[in-house]
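Spelled out from the first residue to the last, the chains are:
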Amino acid sequence: MNDDNSPAAILRKRLYWHSRRGMWELDLLLIPFLEQRFDHLSEADQLAYQQLIEGEDQDLFVWLMHREWPEEAGQRRIVQMIVEHAETTDNSAYRTL
């Protein structure tokens, strides 16, 4: 993280720390997605990500492990994007989180 205090940088820092969860499995999915894809998302998808990480770890785990899908369409869409990113990207650099 740098010393940039712009609103976008502050939001990014907040999202980063809220994406760090109590479960390593979630960290391995959320942090790479945030760092590599978030800036390229539409405003609606960025908002959906922000809402997603306000949820409970247990819900996120169930959704991101393909056991269930969120009922809300925007949440389902962002979960699918995170899962797809994890399945198609080499995230081995994040294994030391």
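Model, not experiment: these values are computed from the prediction.

(A) Spotlight on the nonpolar core. Of all hydrophobic cores here, the largest spans 23 residues; its most connected members are Leu30, Tyr49, Leu64, Ile78 and Ile82. Secondary-structure elements contributing two or more residues to this core are α1 (7–19), α2 (24–37), α3 (43–52), α4 (57–64) and α5 (73–88). Ranked by residues supplied to this core, first place goes to α2 with six residues. Those residues within four positions of Tyr49 in sequence are excluded, and the remaining contacts are Ser19, Leu30, Phe33, Leu34, Phe38, Ile78 and Ile82.

(B) Summary view of a negative patch on the surface. Judged by side-chain charge, Glu56, Asp59, Glu68 and Glu71 come together as a negatively charged surface patch. By the element assignment, Asp59 lies in helix α4.

(C) Local environment of the packing of α1 against α2. In contact at an axis separation of 9 Å, α1 and α2 are set at 165 degrees when each is read in the N-to-C sense. Classified by the angle between their axes, α1 and α2 sit roughly antiparallel to one another. Between α1 and α2 the crossing geometry is right-handed. Judged by residue contacts, Arg12, Leu15, Tyr16 and Ser19 of α1 engage Asp27, Leu30, Ile31, Leu34 and Glu35 from α2.

(D) Seen up close, α4. Listing the buried residues of α4 in full gives Asp57, Leu60, Phe61, Trp63 and Leu64. Taken around the axis of α4, the buried residues stretch over an arc of 170 degrees, which confines them to a single face. The positive-phi residue at the C-terminal boundary of α4 is His66, with phi of around 70 degrees.

Thresholds applied
Within each chain, residue numbers correspond to sequence positions counted from 1 in written order. Residue-level local features of this predicted model are given only where pLDDT is at least 70; pairs of side-chain atoms are given and counted only at 80 or more, and the full residue set underlies all totals for whole chains, interfaces and linings. Note that the side-chain values use all heavy atoms of the structure and ignore hydrogens as well as water. Buried Ala, Val, Leu, Ile, Met, Phe, Trp, Tyr and Cys residues form a nonpolar core when they are joined through side-chain atoms within 4.5 Å. With a 1.4 Å probe rolled over the protein chains alone, any residue whose accessible area is under 20% of its type maximum counts as buried; one over 50% counts as exposed, and the rest are partly exposed. By the criteria applied, helices consist of DSSP H or I runs no shorter than four residues and strands consist of E runs no shorter than two, each listed in order from the N terminus. Residues are treated as being in contact if the distance between any of their heavy atoms lies within 4.5 Å. Note that patches include only residues with greater than 30% relative accessible area and no salt bridge, and the join distances are 9 Å for like charges and 5 Å for nonpolar side chains (Val, Leu, Ile, Met, Phe, Trp, Tyr). For the area figures, the Shrake-Rupley method with a 1.4 Å probe applies, and any residue is considered shielded solely by the protein chains shown. A side-chain nitrogen of Lys or Arg and a carboxyl oxygen of Asp or Glu constitute a salt bridge if their distance falls within 4 Å. In this count, Lys and Arg are taken as positive residues and Asp and Glu as negative ones, while His and the chain termini are left out. Lysine's charge is taken at NZ, arginine's at CZ, aspartate's at CG and glutamate's at CD. Axis definition: a line fitted to C-alpha atoms, limited for helices to the stretch in contact. Angles are taken between N-to-C directions and run from 0 to 180 degrees. Roughly parallel here means an angle under 35 degrees, roughly antiparallel means over 145, roughly perpendicular means 65 to 115, and every remaining angle is called oblique. In this scheme, a crossing is called left-handed if the near helix is turned counterclockwise away from the far one by less than a right angle; it is called right-handed if the turn is clockwise. Taking the helix axis as origin, the arc is that swept by the directions to the C-beta atoms.

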